[in-house]
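Listed below are the residues making up each chain.
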Amino acid sequence: MADLNALKEAVIKGDRAGATKLTKELLAAGTPPKAVLDEGLVAGMAVVGARFKKNEVFVPEVLIAARAMKEAMTILEPVLVKAGIKPAHTAIIGTVQGDLHDIGKNLVAMMWKGANFGVVDLGTNVSPQRFVDAAQEHKASIVGLSSLLTTTMPAMKQAVVALRAANVTSKILIGGAPVTQAFAQEIGADGYAPDAASAVDVAKKLVTT
């Protein structure tokens with residue numbers, strides 16, 4: 001019989017077939033869908049995130065684990081929706097205007113989903129107004145801005161200014177290779193994360209303060 005710990009381990013190992021099979025079996029056995037999510041899928045990604053932060057695993061392993069969780073979520077999501085269960089917080093994420101890099105942004109989006117945030121990914125080259133519109137439309141708890149080039153860091157500032165001017169109440173978290181804590185403070189962002197695993201911790205802290 002399937003158990004939640006086996007599902008957690010399947011996610012950690014990036015076993016897509018195992019994760020989907022176990023999710024189906026757990027639901028068929030009457031396991032509450034919230035327990036499947038929290039104690040199976042989210043718990044597995046939490047372990048991967050902690051290992052990533054300690055440099056015990058690297059980006060490929062995180063992507064493989066996230067893919068396993070994503071496939072299991074295709075089975076679980078309709079059941080959660082039917083039960084009226086949804087993520088407590090919604091996050092908007094995108095790479096700022098003028099910047100087409102997306103690997104770091106995609107990794108953060110996956111890690112946030114793994115931490116049970118509802119994630120709306122705006123992609124790359126996102127204008128300040130699109131961040132504002134998306135944050136308002138989805139009543140986002142947090143907006144994540146990514147920049148991989150020093151030349152697009154001013155666009156990050158413009159996005160923060162636009163969000164503040166529109167009285168968006170979402171917390172603003174920034175990150176990317178050239179970005180620093182000092183820059184976050186300079187442009188008025190609420191938080192900074194140096195890597196994807198930290199982005200989960202910082203986002204959780206921001207939405208609860």
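Residues numbered from 1 in each chain as written. Predicted model: local features only at pLDDT ≥ 70, side-chain atom pairs only at ≥ 80, totals over all residues. Heavy atoms only, no water.

Enquirer: Explain the environment of Glu-186 to me, please; I cannot follow it from the model alone.
Expert: Relative to the elements of secondary structure, Glu-186 occurs in helix H8 (residues 181–187). For the pair Glu-186 and Ile-93, spaced 93 residues apart in the sequence, the C-alpha separation amounts to 20 Å. (Helix = DSSP H or I, 4+ residues; strand = E, 2+ residues; numbered from the N terminus.)

Enquirer: Hey, could you run me through unusual backbone geometry in this one?
Expert: The backbone phi angle of Asn-55 is positive, close to 60°, even though this residue is not glycine. Position of Asn-55 relative to the elements: it lies in the loop between helix H3 (33–53) and helix H4 (59–82). Owing to a relative accessible area of 53%, Asn-55 belongs among the exposed residues under this scheme. Despite not being glycine, Asn-116 shows a phi value in the positive range, around 70°. (Buried < 20%, exposed > 50% of the residue type's maximum accessible area, 1.4 Å probe, protein only.)

Enquirer: When you look at the side chain of Ser-147 in this model, what are you seeing that I'm missing?
Expert: Turning to its location among the elements, Ser-147 is positioned in the loop between strand S3 (142–146) and helix H7 (153–165). Of the polar contacts made by the side chain of Ser-147, one reaches the backbone oxygen of Leu-149; its length is 3.1 Å. If sequence neighbours within four positions are ignored, Ser-147 has contacts with Val-96, Asp-99, Thr-152, Met-153, Met-156, Gly-175, Gly-176, Ala-177, Pro-178 and Val-179. (Polar contact = N/O pair within 3.5 Å; in protein donor to acceptor, adjacent residues only side chain to side chain. Contact = heavy atoms within 4.5 Å.)

Enquirer: Explain helix H6 (residues 128–137) to me, please; I cannot follow it from the model alone.
Expert: Each α-helix turn comprises 3.6 residues. Residues three or four places apart therefore point the same way. Among all positions of H6, only Pro-128, Phe-131, Val-132, Ala-134 and Ala-135 are buried. Those residues of H6 hidden inside the fold are in contact with strand S1 (90–95), S3 and H7. A positive backbone phi angle near 50° is found at Lys-139, which sits one or two residues after H6.

Enquirer: Please clarify how the sheet that holds S3 should be interpreted in this entry.
Expert: Either a parallel or an antiparallel arrangement is found when strands of a sheet pair, and the pairing is made through backbone hydrogen bonds. Across the sheet, which stays open at both edges, the 5 strands sit in the order S2-S1-S3-S4-S5 with parallel pairing between neighbours. Because the sheet does not close on itself, it has two edges, and the strands there are strand S2 (118–121) and strand S5 (191–192). One ladder, built from 4 bridges, connects S1 with S2; its direction is parallel. If you follow Thr-90 over to S2, its bridge partner there is Gly-118. The sheet strands contacting H6 are S1 and S3, and the helix crosses S1 at an angle near 165°. The strands touched by helix H9 (residues 196–207) within the sheet are S3, strand S4 (171–175) and S5, with S4 carrying the most contacts at an inclination of about 165°. (Pairing = 2+ DSSP bridges. Axes fitted to C-alpha atoms, helices over the stretch in contact; angles between N-to-C directions.)

In short, the description is geometric, and any link to function would need to be established separately.
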